[in-house]
Amino acid sequence: MLEVKNLHVAVNGAEILRGVDLTVRRGEVHAVMGPNGSGKSTLAQALAGHPAYTVTEGTATYEGKDLLALKPEERARGGVFLAFQYPVEVRGITNSYFLRSAVNAIRKHRGQEELDPLDFLQVLEDKLRSIGWDDTLMNRPVNEGFSGGEKKRNEILQLAVLEPRLAILDETDSGLDIDALKTVAHAVNKLRAPDRAFVIVTHYQRLLNYITPDVVHVLFEGRIVKSGGPELAHELEAKGYDWLRAGAMVS
Amino acid sequence: MTSIEAQVQQPYKYGFVTDIESEVVPPGLSEAVIRLISGKKGEPAWMLDWRLKAYRNWLKMEEPHWPNVQYGPIDYQAISYYAAPKKLPKLDSLNQVDPKLVATFEKLGIPIEEQKRLTGVAVDAVFDSVSVATTFQAELAKYGVIFCPISEAIREHPELVQKYLGTVVPYNDNFFAALNSAVFTDGSFVYVPKGVRCPMELSTYFRINASSTGQFERTLIIADEGSYVSYLEGCSAPMRDENQLHAAVVELVALDNATIKYSTIQNWYPGDDEGKGGIYNFVTKRGKCAGKNSKVSWTQVETGSAITWKYPGCILQGDNSIGEFYSVAVTTRRQQADTGTKMIHLGKNTRSTIVSKGISGGRGQNTYRGLVKIMKGADGARNYSQCDSMLIGDQCGAHTFPYIDVRNSTAIMEHEASTSKIGEDQIFYLRQRGLSAEDAVSMIVNGFCKEVFKELPMEFAVEATRLLGISLEGSVG
């Protein structure tokens, strides 16, 4: 469903990704690991279409379409979701209103009827129940005054409600204590589905103790230098990233 | 231009000109012109004397240049001080209103015809220097509420006008107030008798149409003991290359236990992207909480004018009286605004609240200027001020000048201020959830203004949000 070939991305004129190849099939869970500065977040942001990330070379095809030709909102409406590493605050707008607006933008795009507040509330309650969360965050302004853990949880809640076919998680585990990490991982596992693929970007292996990926990739200096099964994550945890440096130079 | 900037710089939608035969007094200001205006209005001698007193004072005054705005010199002799459509109806019959005027106000969303009127809102429609229609007057009279053009009030209710005119904004208050006192043409008069809760919203719509004229309206609202009134004011003007002067005065008087809620949607022509044309909006608005437990609440949404200079304030004279000021001021293109409020605490246990939201885009400059003054006798006075600025793009400016003058040690003052910038990251977050760039900006601006919009009466809240091109739902959801 997602086919990335030779992707080069620059930020402020500096090339961060230098030829990434990545193939994700329906329902698969891919983990992208790598040291700081290797380009993990750049990959996530570029796939979602952040205007500050300029694609200088390469292609990305999503469900047969040229992903890079689409505006960010078109990608979102087409089922691409990014859980942000640093979710943004929106003052004065409640979480539930924000989510309903997003749901309706997507429904409208699909030619479905928009949900009124009552219908939406029902959908929301069902979703919350399915991942075992309550609605305490819903009537607060979007991310305003949220703790780090609440912000990340809110991202996953949005993921649950918006039902994407490709969910990209950008360091969702960073800044979480172990309990919050388990809560988030538990919800993600509940959201795994045959028609929903995940790309989980993470620095540490610990999230992968709770979410078992199908494929693990190692991103290093803007390229994917190694791919393997879940055991690769353990290897990285044991050895660190340093051993890759030599390998990268050889290849 | 980014999509964010494009969003806040929508074309001006009310810039049309009504082709109507008008009587325009030749440009220039003199005692003769003032006598002419007074004569046209059929005013009594005391009114003319007051005008002339104001004029003679004005001649000795200097135009203020302390506001944080820049503009070339104004030639007061090049302005015409009176313009009126020739075919004027008799005020007892709205059916005689020139169809062109009816069509003009309808185009502005202010239907004045019997069958199309807004329910629950009485409207006084002012076109250039005269009121052309006032709706629901008979209905209001049943409650003893007087709602009429001020020129009519001067003739029909001289005792009330004489008692209150100039008691809140004296004829020599400031340069533009003095000018207004000398030449004011129309505006609305409201009197709500003791114990009456005005059964509908009252509203005045001001339209400048003629070129090379100024509009100098004067509004006087009196809420007698234990009464309540909510008043709305809207305005717009055609797009012209010249700058036109609008120097209004609004006076509010709230007696014991009375409440006046005054809302403004100001949408004068702001000028073009290069700063050509637009209205100079130099306005003095003040409310006096004369009685105990009285309340004056100002809510304003300012999107228009090339230059705005106004500080709707409250004199909190009665013990336990309350003053409020809620404001959204938007400057884009080359607009400049220096606006805020004055809260003067005189009585005991008086309270004031200030919530100011400034939004700057394009090359707009937005200044908040506010004075909170606690006088010696104002034991237990409290003020809460909140000034938030939002910047869109990197060529605009936001400035804040809060003045605090406390002369009583029992006062409690709180002041909060913030400046934020709508950034690409914020827009991107919302777009990543499926919202268009336009909707994303709307939602962010809407959330930012929420505390002010919720103070507007429903009819105006819709208008205000439409004006900003934004959806209201978010702020009430």
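In this text, all values refer to a predicted model and were calculated from it rather than measured experimentally.

Rules used in this analysis
Residues numbered from 1 in each chain as written. Chains lettered and ligands numbered in written order. Predicted model: local features only at pLDDT ≥ 70, side-chain atom pairs only at ≥ 80, totals over all residues. Helix = DSSP H or I, 4+ residues; strand = E, 2+ residues; numbered from the N terminus. Rg over C-alpha atoms; globule rule 2.2 N^0.38 Å. Contact = placed C-beta atoms within 7 Å. Buried ≥ 20, exposed ≤ 12 C-beta atoms within 10 Å, placed from the backbone. pLDDT = per-residue confidence, 0-100. Pairing = 2+ DSSP bridges. Axes fitted to C-alpha atoms, helices over the stretch in contact; angles between N-to-C directions. Nonpolar A, V, L, I, M, F, W, Y, C, P; charged D, E, K, R; others polar. Core = buried A, V, L, I, M, F, W, Y, C linked by C-beta atoms within 7 Å.

**Notes on the overall build of chain A**
Moving on, step 1. Assigned secondary structure in chain A consists of eight helices and 12 strands.
Moving on, step 2. A globule of 251 residues ought to have a C-alpha radius of gyration of about 18 Å, and chain A, at 18 Å, matches this closely.
Moving on, step 3. With the C-alpha coordinates of chain A rotated into their principal frame, the extents come out at 60 × 40 × 35 Å.
Moving on, step 4. Counting contacts in chain A only where the partners sit at least 6 residues apart, residues at least 24 apart contribute 72% of the total.

**Focus: the overall build of chain B**
Moving on, step 1. Across its full length, chain B carries 12 helices and 23 strands.
Moving on, step 2. When the 477 residues of chain B are sorted by exposure, 57% land in the buried category.

**Remarks on the confidence of the model for chain A**
Moving on, step 1. Looking at chain A, pLDDT values average 91 and 97% of them are 70 or higher.
Moving on, step 2. Across chain A, the secondary-structure element scoring lowest on mean pLDDT is helix α8 (residues 242-250) of chain A, at 62, and the one scoring highest is strand β6 (residues 80-83) of chain A, at 97.

**A few points about the sheet that holds strand β1 (residues 2-11) of chain A**
Moving on, step 1. A sheet is described by the order of its strands in space; here four strands give the open sequence β2-β1-β4-β5 (chain A), paired in antiparallel fashion. Bordering the open sheet on either side are β2 (14-24) and β5 (65-66) of chain A, each of which pairs with just one other strand.

**Observations concerning the sheet that holds β6(A)**
Residues and elements named next belong to chain A.
Moving on, step 1. On the basis of which strands lie adjacent, the open sheet formed by six strands has the order β6-β9-β10-β3-β11-β12 and mixed pairing. The open sheet has two free edges, formed respectively by β6 and β12 (223-228), since each of these has just one partner strand. Neighbour-to-neighbour, the strand axes of this sheet turn through a mean angle of 20°, independent of strand direction.
Moving on, step 2. Summarising the sheet, strand β3 (residues 29-33) and strand β11 (residues 215-220) pair through four bridges and their orientation is parallel. The residue of β11 that forms the bridge with His 30 is Val 215.
Moving on, step 3. In this fold helix α5 (residues 148-162) packs onto β6 and β9 (166-170), with an angle of close to 165° to the strand it touches most, β6.

**Re the interface of chain A and chain B**
Moving on, step 1. Each side of the interface is counted separately: chain A has 25 residues, and chain B has 20 residues.
Moving on, step 2. Mapped onto the side of chain A that touches chain B, the elements with two or more residues apiece are α2 (72-77), β7 (90-94), α3 (95-109) and α5 of chain A.
Moving on, step 3. Its residues placed into classes, the side of chain A that touches chain B shows 17 nonpolar, five polar and three charged.

**With respect to the pairing of strand β20 (residues 365-374) of chain B**
Residues and elements named next belong to chain B.
Moving on, step 1. For β20, the tally of buried residues reaches nine of 10 residues, placing the bulk of the element in the interior.
Moving on, step 2. Across 10 bridges, the pairing between strand β18 (residues 336-345) and β20 is parallel. Across the sheet, Lys 342 pairs through a bridge with Leu 371, a residue of β20.
Moving on, step 3. Relative to strand β22 (residues 397-406), β20 is paired through 10 bridges, and the arrangement is parallel. Across the sheet, the residue bridging to Arg 369 is Phe 401, located in β22.

**Here's the deal with the confidence of the model for chain B**
Residues and elements named next belong to chain B.
Moving on, step 1. Mean pLDDT over chain B: 85, with 86% of residues reaching 70 or higher.
Moving on, step 2. For residues 470-477, every residue scores under 50 in pLDDT, and the model assigns this stretch 26 contacts once sequence neighbours within four places are set aside.
Moving on, step 3. Predicted as a complex, the structure gets a pTM of 0.83 and an ipTM equal to 0.95.

**Description of the nonpolar core**
Moving on, step 1. Judged by nonpolar contacts, the single largest core of 196 residues is most densely connected at Phe81(A), Ile168(A), Val190(B) and Ala254(B).
Moving on, step 2. When residues of this core are assigned to their parent elements, the largest contribution, 10 residues, is made by helix α10 (residues 437-453) of chain B.
Moving on, step 3. Apart from the residues lying within four places of it in its own chain, the contact partners of Phe81(A) are Ala76(A), Leu159(A), Leu162(A), Pro164(A), Leu166(A), Ala167(A) and Ile168(A).

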